[in-house]
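What the coordinates show
Below, each chain spelled out in residue letters.
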Amino acid sequence: MAEVLDVAVRLIVVVAAFLLLPLIVGQMEHKAMAHMQSRLGPMYAGGFHGWAQLLADGVKFAQKEDVIPAAADRRIFAIAPAVALVPYLVVMVVIPVGPGLAAVDLDAGLFFVLAVMGVGVLGAIMAGWASANKYSVLGGIRAAAQLMSYELPLVLAASSVAMAAGTLSLQGIAGQWRWWWLPWQAIGAFVFFVAGLAELRRPPFDMPMAESEIIMGPMTEYAGFRFALFMLAEYAGIVVLSALTTVLFLGGWQGPLLPGPVWTLLKVFALAFVVIWVRVSYPRLREDQLQRFAWTVLVPLALLQLALTGVVRVLTA
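Described in the following lines is the structure provided in the data block. Residue numbers restart at each chain and count upward from 1, following the sequence in its written direction. Where totals are concerned, whole chains, interfaces and linings use all residues; where local detail is concerned, this predicted model gives features only for residues with pLDDT of at least 70, and gives and counts side-chain atom pairs only at 80 or more. With hydrogens and water stripped out, all remaining heavy atoms of the structure feed into the side-chain values.

**Looking at helix H12 (residues 287-316)**
Applied cut-off: Secondary structure follows DSSP: runs of H or I at least 4 residues long count as helices, runs of E at least 2 residues long count as strands, and numbering of each begins at the N terminus. Given a helix with a known number of residues, its expected span is that number minus one, times 1.5 Å. Bend, at a single residue, is the angle you get between axes fitted to the 7 residues ending at that residue and the 7 residues starting at it. Categorising residues by exposure relies on relative accessible area from a 1.4 Å probe, with only protein chains included: less than 20% of the type maximum marks a residue as buried, more than 50% marks it as exposed, and the intermediate range marks it as partly exposed. Whether two residues are in contact is decided by their heavy atoms: any pair within 4.5 Å suffices.
Taking 1.5 Å of rise per residue, the 30 residues of H12 would be expected to cover 44 Å, and the 42 Å separating its terminal C-alpha atoms lies within 8% of that figure. The sharpest bend along H12 measures roughly 30° and falls at Ala294. Buried residues of H12: Leu290, Gln291, Ala294, Leu298, Val299, Ala302, Gln305 and Thr309, and no others. If you follow the buried residues of H12, they end up packed against helix H5 (134-165), helix H7 (181-184) and helix H8 (186-199).

Quick look at the structure:
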């Protein structure tokens, strides 16, 4: 009975974090972009500092009509938002926030999260194909192309830090981390974070959406609650990417004075702010520039980091 209760409590905490943290990141994005780009609207909703902007967005989505195009594949169209969202909930189950503080500790946790994160892209592909809209299909094809290009440097960079730690367990990697890994694994951290941004289709890698070119890509025909699920998936993806970067390259819960989970959350929100900052600061790349950057910059850098890690491991063995 005690084991069942322990599992239930862990799952409730994970679901609560899954529902709360993406909303906090969404609110942070509203405020950061309002300050950086002088957007006045998000600073007034509800009064002080626009605290109710996220609530206003939620009410707006709830009031919109749920429209399905007549020529759409209704079943695939309906489940695509869930396919885009649920993988991030599954990934959060294995991400540790402190020593022993994870719902599940898998021996091959790193491979598990990388595999499950790739499933989320299927939601965009399904939505693009099922919408019976050429702009949506083009957006889905772009999402598939980005996945094929950026999954390789993502996996190579993660493999480097796993080689350094000598384990595929996320708990084990964070436990083995030392401060001097910051310069040692800096190249891998850069590649992993940038490739993660591309996999999430965040600016400047948002070619599948590209509202100035193809409206909103796979989400063009979505409205109301289903559109809100895609937005929630985007912010959940930011949380997951920031948490994985924290655990793999920044020591996870390790830090002075403060409790371990507090350090984890501080690092996660700091990286989430970087994601927002990049969105505000850099223009969207062209599709050819996007693919060229992956194959001519990120893949060679990831291979260089892998070779460097192997050399250091042999010399320090």
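Don't stop here, the text continues.
**Points about the side chain of Thr264**
Cut-off, in case you're wondering: For the purposes of these results, a polar contact is taken to be a pair of N or O atoms within 3.5 Å, where, inside protein, one atom must be able to donate a hydrogen and its partner to accept one; residues adjacent in sequence count only when each atom of the pair is a side-chain atom.
Mapped onto the fold, Thr264 is located in helix H11 (residues 260-281). With relative accessibility at 3%, the residue Thr264 sits in the buried group. Polar side-chain contacts of Thr264 include one of 3.5 Å to the backbone nitrogen of Trp253. Every residue in contact with Thr264, bar those within four places of it in the chain, is listed here: Pro96, Val97, Thr246, Gly252 and Trp253.

**Some remarks on the environment of Val119**
Checked against the element boundaries, Val119 lands in helix H4 (residues 109-130). In the structure, Val119 is positioned 36 residues away from Val83 in sequence and 7.6 Å away in space, judged by C-alpha atoms. Here Val119 is in contact with Val83 and Pro87, once residues within four sequence places are set aside.

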